[in-house]
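Below are the chains, spelled out letter by letter.
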Amino acid sequence: MSFLEEIKRRRTFGIISHPDAGKTTLTEKLLLFGGAIQEAGAVKNNKIKKGATSDFMEIERQRGISVATSVLAFIYKDKKINILDTPGHKDFAEDTFRTLTAVDSVIVVIDVAKGVEPQTEKLVEVCRMRSIPMLVFINKLDREGKDAFDLLDEVEQKLGLTVTPMSFPIGMGYDFKGIYNIWEKKLNLFSGDNKTSISEGIEFDDLANPQLNEIIGETAAETLREEVELVSEVYPEFDRNEYLSGSLQPVFFGSALNNFGVKELLDAFIEIAPSPQPKKAEERLVDSKEEKLTGFVFKIHANMDPKHRDRLAFIKIVSGVFKRNSPYLHVRNGKKVKFSSPNAFFAEKKEIVDESFPGDIVGIHDTGNFKIGDTLTEGEQLNFKGIPSFSPEHFRYVNNADPMKSKQLYKGLDQLMDEGVAQLFTLDMNGRRVIGTVGALQYEVIQYRLEHEYGAKCTYENLQVHKACWVEPEDAKNDEFKDFKRVKQRYLAKDKQGQLVFLADSAFTIQMTQSKYPTVKLHFTSEFKNN
Ligand code: G4P
């Protein structure tokens, strides 16, 4: 197969949802279609159960599972599909944001009864900001839920999307009869036990055909006709270019648990979803069809075995062919590196590969050289954009609890931050270190891992910070900036990249600071340059 054909057949995507909407179940059903797993139940629930905050075994178990399910790849109808796992737990949201920089599209799963939930809102907002093509799957149609039109309204309003239904449910819950596939003009009947046999659906070009009454009953047939007509009047027609540019989102209905509507989703997905897209670097736009290799690290996972402190760095190939044992430039540290055992991911296992193509994810063993966001090239000075840090939501001072082990503590903190577990800020005034996280759970993870992997002990101390604001002065030499630095001295810190950060204690402080120092810009993400 030629290089261009390899690119064209790849679909790299993530599934996002609020916990419990059915992401794991859907993933598993998708894998079944690829023949990647033989039975349901093979993909472990990659989530932290409620109340598990102090259960370290649970955290460790999670880490194990999340390596196994980080990338699930399979072949379906000759397409190479790479599903990138995105943790649903809100404390790991930042991990998900970063993974979203490596996908070419996403599938959003929504629970028909619960509708749009907070975590979905947050994640969709990130995808919307980046114009990532999104496809919506409304799940659990076998249960009582919201009216389909109300739900479509909710998706449009709460998520700011423009939807176009590609299928439509016939009844719901107890009365659920199936779906009409508007996209393929087929009727799919729900038997309640579709776990093993997948029906192909009945061709149904014309819903006016009286046969419909015989198949689903007169009332349901009338309702379906009216509803599908309403759909065609109210919603825009599907337009692939609009979907690809992120301005139109096709919607499918189904039940992942019953494997119903999943094949339709997958069939449409491989048709319409994008193959690897060009990616912005600070210097230029890199096209996937370029022959020279480029790629970037979007995730780092520590080894489970504390005796071997190597880590797995996940690299998304943006262009060219990644070859085993070829020398590549690690742009940040300026060194050429060769990889003798790069891993590719298939369903739940990983194996050493000789070649990987754009869209693929390669796992590389690393002893601490890589950081999230690092770029690999064949020599070009290139830095991929789009892995910003967002302001954490929790802030605590970190103290060394064992003075004999300070070296271990700082090394541990350094490496955990490179992995993206949390963010470290160093106060300008006194050099004290502050850890910022998205969720409280991370503090326990850090404490536990410092002790078990680095032999260091730490304690925390609360710090009242509302948001970390990255500071950008219009003119670093003007008096206004000098005044800002003098007055806010106690609240200024550096992030790990050495960028200046203002740790504001309230929303009011941010507002006041902005009006008092209009030439000092405050940003809520670390990546604000060259946008
Ligand atoms: P998540 O990864 O998004 O967190 O969700 P997950 O797939 O684990 O699904 C959450 C719960 O919803 C699971 O039940 C799952 O069986 C159920 N579920 C998923 N899809 C459907 C569906 O189409 N219909 C119905 N009725 N239920 C569905 P659980 O009891 O919480 O977990 P488990 O004990 O079955 O693993």
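Thresholds applied
Residues numbered from 1 in each chain as written. Predicted model: local features only at pLDDT ≥ 70, side-chain atom pairs only at ≥ 80, totals over all residues. Heavy atoms only, no water. Near = heavy atom within 4 Å. Polar contact = N/O pair within 3.5 Å; in protein donor to acceptor, adjacent residues only side chain to side chain. Areas by Shrake-Rupley, 256 points an atom, 1.4 Å probe, with all protein chains shown as cover. Helix = DSSP H or I, 4+ residues; strand = E, 2+ residues; numbered from the N terminus. Nonpolar A, V, L, I, M, F, W, Y, C, P; charged D, E, K, R; others polar. Phe/Tyr/Trp six-rings, centres within 6.5 Å; stacked < 30°, edge-to-face > 60°. Lys NZ or Arg CZ within 6 Å of the ring centre and 35° of its normal. Patch = residues over 30% accessible without salt bridge, like charges linked within 9 Å, V, L, I, M, F, W, Y side chains within 5 Å. Salt bridge = Lys/Arg side-chain N within 4 Å of Asp/Glu carboxyl O. Buried < 20%, exposed > 50% of the residue type's maximum accessible area, 1.4 Å probe, protein only. Expected span 1.5 Å × (residues − 1).

Before going further, it helps to spend a moment on the site of the ligand. Near the ligand there are 18 residues, and of these Asp20, Lys23, Thr24, Thr25 and Ser255 occur at the shortest range. Residue Asp20 places a main-chain N or O atom 2.6 Å away from an oxygen atom belonging to the ligand. Between the ligand and Arg143 there is a distance of 3.1 Å, counted from a nitrogen atom to a side-chain nitrogen or oxygen. Surface burial for the ligand is 71%, taken as the share of its 700 Å² of free accessible area covered by protein chains. With three residues, the top contributor of residues to the shell around the ligand is helix H2 (residues 23-33). Of the residues assigned to the shell around the ligand, the class counts are four nonpolar, eight polar and six charged.

What follows concerns the packing of aromatic side chains. In this structure the tally under the stated criterion is 21 aromatic pairs. Three or more aromatic residues joined by ring pairs form one cluster here, namely Phe322, Tyr328, Phe339 and Phe370. Of note, Lys299 hangs over the ring of Phe314, and the distance from its end group to the ring centre comes to 5.9 Å. The ring centre of Tyr397 lies 3.8 Å from the NZ or CZ of Arg432, which sits over that ring.

Residues Leu189, Ile202 and Ile215 make up a contiguous nonpolar surface patch of roughly 200 Å² in combined accessible area. Overall, Ile215 belongs to the partly exposed group, its relative accessible area being 32%.

Let's shift gears to helix H12 (residues 441-454). The end-to-end C-alpha distance of H12, which contains 14 residues, comes to 19 Å, matching closely the 20 Å that a straight helix rising 1.5 Å per residue would cover. The buried fraction of H12 amounts to 10 of the 14 residues, a majority that puts the element mostly inside the structure. Residues of H12 that are buried include every one of Leu441, Gln442, Tyr443, Val445, Ile446, Tyr448, Arg449, Leu450, Glu453 and Tyr454, and no others.

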